[in-house]
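Residue-level structural notes
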Amino acid sequence: MTLDAEQLAELMGAANAGGGLGEAMGLEISEASAKRVVGRIPVAKNTQPYGLLHGGASCALAETLGSVGSAIHAGEGRIAVGIEINATHHRSATAGYVTGVATAVHLGRTLATWDIVITDEEGRRVCTARLTCMLRDA
């Protein structure tokens, strides 16, 4: 089941599924299910001093997408909290948008693990991340 924007906002308890950070980053989620989440952020305003996409922005995008999918999988009355993330930054991005695609690797009762691939507008891989979330009762 894929959630629409309204259902996602209700589940996450915020207008932007990424919370305040997601809103500040300009996060747009275009697809969200328990197995796959897709979202993008603009490079502009998410850069480090040299004008390149900040590595922390890539990590925040990756963690948000995986956490959204984990929350959907966990279901009502449960929450997902990130407990581990790692990321490899392959190339820089200086303009446009980067898009993250989070794909579930493991969806258990207490843990969910995701692979997240972030690409630029030409489809070139910018970052690869892996996230593990703990699933708990709210």
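Structural data are supplied above this passage.
Summary of the structure given here.

Rules behind the numbers
- Residues numbered from 1 in each chain as written.
- Predicted model: local features only at pLDDT ≥ 70, side-chain atom pairs only at ≥ 80, totals over all residues.
- Heavy atoms only, no water.
- Pairing = 2+ DSSP bridges.
- Helix = DSSP H or I, 4+ residues; strand = E, 2+ residues; numbered from the N terminus.
- Buried < 20%, exposed > 50% of the residue type's maximum accessible area, 1.4 Å probe, protein only.
- Contact = heavy atoms within 4.5 Å.
- Core = buried A, V, L, I, M, F, W, Y, C linked by side-chain atoms within 4.5 Å.
- 1 Å grid on protein atoms, 1.4 Å probe; cavity = no way out; pocket = protein on both sides within 12 Å on 5 of 7 lines; lining within 4 Å.
- Points joined across faces, edges and corners; volume = space filled by probe spheres on them.
- Nonpolar A, V, L, I, M, F, W, Y, C, P; charged D, E, K, R; others polar.
- Salt bridge = Lys/Arg side-chain N within 4 Å of Asp/Glu carboxyl O.
- Phe/Tyr/Trp six-rings, centres within 6.5 Å; stacked < 30°, edge-to-face > 60°.
- Lys NZ or Arg CZ within 6 Å of the ring centre and 35° of its normal.

Structural notes on the pairing of strand β6 (residues 125-137)
As paired elements, strand β3 (residues 78-89) and β6 share 11 bridges and run antiparallel to each other. Residue I79 lies in a different strand from β6, and its bridge partner there is R136. Pairing of strand β5 (residues 111-119) with β6 involves 9 bridges; the strand directions are antiparallel. Bridge pairing links L111 to M134 in β6. Hairpin connection from β5 to β6: 5 residues lie between these consecutive antiparallel strands, with G123 at a positive phi of about 80 degrees.

Observations concerning the environment of I118
On the secondary structure map, I118 appears in strand β5. For I118, a relative accessible area of 0% corresponds to the buried category. In contact with I118, not counting residues within four places along its chain, are S58, L61, A62, V98, T99, G100, R124, R125, V126 and C127.

Here's the deal with the nonpolar core
A general tendency of soluble globular proteins is for nonpolar side chains to be buried together. Counting residues in each nonpolar core, the largest one holds 33 residues, and the members touching the most others are I41, L53, V98, I116 and I118. Broken down by secondary-structure element, the contributors of at least two residues to this core are β2 (36-42), α3 (55-74), β4 (97-107), β5 and β6. Of all the elements, α3 adds the most residues to this core, at 9 residues.

Remarks on empty space enclosed by the protein
Scanning all chains against the criterion turns up 1 cavity of 30 Å³ or more. Computed from the structure, the largest cavity encloses a volume of approximately 30 Å³. Among the residues making up the lining of the largest cavity, the classes are represented as 6 nonpolar, 3 polar and no charged.

Some words on the pattern of salt bridges
Applying the stated criterion across every chain yields a total of 6 salt bridges. Taking the shortest distance from any N to any O, the salt bridge between R78 and D137 comes out at 3.3 Å. Remark: D137 occurs in strand β6 and R78 occurs in strand β3; sequence separation between them is 59 residues. Of the residues examined, R78 reaches a relative accessible area of 22% and is grouped as partly exposed. For R124, the salt bridge is made with E122, and the minimal N-O distance between the two is 2.6 Å. A relative accessible area of 36% means that R124 is categorised as partly exposed.

Concerning the packing of aromatic side chains
Going through the model one piece at a time under the given rule, you end up with 0 aromatic pairs. Here the basic side chain of R40 rests over the ring of Y97, its NZ or CZ set 3.5 Å away from the ring centre.

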